[in-house]
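The residues making up each chain are set out below.
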Amino acid sequence: MQAINASIGVDRALWRQDIAGSRAHAAMLAHVGIISPADQAAIDAGLAGIGAEIADGSFAFSEALEDIHMNIEARLAERAGDAGRRLHTARSRNDQVATDFRLWVRDAIDAAQAQLADLMLALASRAAEHACTVMPGFTHLQTAQPVTFGHHLLAYVEMFARDRGRFGDCRQRLNECPLGSAALAGTSFPIDRDMTAAALGFDRPTANSLDAVSDRDFALEYLSAAAICAVHLSRFAEEVVIWCSAPYGFLRLSDAFTTGSSIMPQKRNPDAAELTRGKTGRVVGALVALLTVMKGLPMAYAKDMQEDKEPVFDATAALGLSLAATAGMVRDVQPDTARMRAAAGAGFSTATDLADWLVRALGLPFRAAHHVTGRLVARAEAKGVGLEQLSLAEMREEEPGITAELFGVLGVDASVASRTSFGGTAPDRVAAQAARWLAALA
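This report concerns the structure included in the present document.

### Concerning the environment of T258
- Secondary-structure assignment places T258 in the loop between strand 5 (251-252) and helix 12 (271-294).
- Excluding residues within four positions of it along the chain, T258 makes contact with L253, R268, N269, P270 and D271.
- A distance of 3.0 Å separates a polar atom in the side chain of T258 from the backbone oxygen of S254.

### Quick word on helix 19 (residues 427-441)
- Over its 15 residues, helix 19 extends 21 Å from the first C-alpha to the last, a length consistent with the 21 Å expected when each residue adds 1.5 Å.
- Residues of helix 19 that are buried include every one of P427, V430, Q433, A434 and W437, and no others. Projected down its long axis, helix 19 carries its buried residues within an arc of 130 degrees, all on one side. Exposed side chains of helix 19 directed beyond 90 degrees from the buried face belong to D428, A439 and A440.
- Taken together, the buried residues of helix 19 touch helix 7 (93-129), strand 2 (142-148), helix 8 (149-174) and helix 18 (412-418).

### Notes on helix 16 (residues 366-383)
- An ideal rise of 1.5 Å per residue puts 26 Å on 18 residues; helix 16 measures up with 26 Å between its terminal C-alpha atoms.
- Looking at the buried residues of helix 16, the elements they touch are helix 15 (351-362) and helix 17 (392-398).
- G384 sits one or two residues past helix 16 and shows a positive phi near 75 degrees.

### Here we look at the nonpolar core
- Membership of the largest hydrophobic core comes to 90 residues, with the highest contact counts inside it found for V105, L123, F167, Y222 and V312.
- Aside from chain neighbours lying at most four places away, what touches L123 is L153, Y156, V157, F160, F236 and V330.
- Ranked by size, the runner-up nonpolar core spans 18 residues in total, among them L354, L358, V377 and L410.

### What to know about the side chain of Q96
- Looking at where Q96 falls in the secondary structure, it is placed in helix 7.
- Judged by its relative accessible area of 2%, Q96 is buried.
- Setting aside its immediate chain neighbours within four residues, Q96 contacts D18, S22, H69, H88, R91 and L179.

### Remarks on unusual backbone geometry
- In this chain, M299 is followed by A300 through a cis amide linkage whose omega measures -5 degrees.
- The phi dihedral of E66 is positive, around 75 degrees, even though this residue is not glycine.
- Considering the arrangement of structural elements, one finds E66 in the loop between helix 4 (37-56) and helix 5 (68-80).
- Since its relative accessible area comes to 22%, E66 is described here as partly exposed.

Reading guide: rules and limits
- Residues numbered from 1 in each chain as written.
- Predicted model: local features only at pLDDT ≥ 70, side-chain atom pairs only at ≥ 80, totals over all residues.
- Heavy atoms only, no water.
- Helix = DSSP H or I, 4+ residues; strand = E, 2+ residues; numbered from the N terminus.
- Contact = heavy atoms within 4.5 Å.
- Polar contact = N/O pair within 3.5 Å; in protein donor to acceptor, adjacent residues only side chain to side chain.
- Expected span 1.5 Å × (residues − 1).
- Buried < 20%, exposed > 50% of the residue type's maximum accessible area, 1.4 Å probe, protein only.
- Arc of directions from axis to C-beta.
- Core = buried A, V, L, I, M, F, W, Y, C linked by side-chain atoms within 4.5 Å.

As structure tokens, then:
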């Protein structure tokens, strides 16, 4: 029973939040006259001393005391006597743990948002550097149209900006204080819940005591945002893995973010990217685990909720490490611009430019232009040449109105330069978007 019941091995991570909540609660109890100012001073000094003991490693955690809350409370009674024993007036472990956990998740959100801002800054900086670097754009992992490397990097800035927004939304909904809800029904003591909420940085106290002690939506929403963010990190990592491989050779990571092989001295494995990709499973798994814990629980608190912290703590560690590794890779990676440029022109990547020219210059309906372009691609493919290597006479066999002007749109530089629509890959557009993000992140 002790082994299955105890959570101190996991929830000791909440010690800072538990001490902060207890100090705020004691200050409120003294303010409304439930405990004396002398008791509050003894409690405050005792909790400060306990915090120092935990920080320096001298605190003796006991599994027999089950959790971080009882461990700290028992030590407080040793240090402060009856004053320490009065701390638990007008609260329960149910509202105590709910408050501590919200405080911990709020801190985790703030840390994730700071790391995301750093990653976005790294991506936007490299995007500005490579606003004109041409590379192939892909759909279905097949060459589609030329884009710029800067444009590709800015796509991830947009993704991670949405992640920051999701974390921010979660933080806003999370920021209500359960303290004072007691076990489930509130308390008969004349407490001031607004005071404790303000002292702990919450916007307001929770409005329903039953919901306050049984709600773990904030943890689920946090894990949902973390899982989506981890998926974005994994997509970036997948591209790094692919583009560092010999068949592509678009990118090169230094020894700082790669490892060697135990038997093949020539190998440079992109392990930071592969591990980032792999850790996504832990974050997504944490979300599924907590959803499964919560799905069958009636009101209000149930001991099942003790299983809420381990997946959140594990996912937070995995996400934080992945964010740090990804930001490091972004700053470290060196693109092979010549290889990117050569690949950008392969696979008839400017075929859409040809079709667009037929619409603009000759007034063909787009579907008709699409069919003409398809026939020209087939002709070039049969000859084993690029579209720009077909003669004007050969092109006119498919569409008599074609002029030599067409050849001016078939190069990769002309292609990317023409994509001037808002959000497009034209270098001027990319440079402007990168500058906008750099200014916003500064």
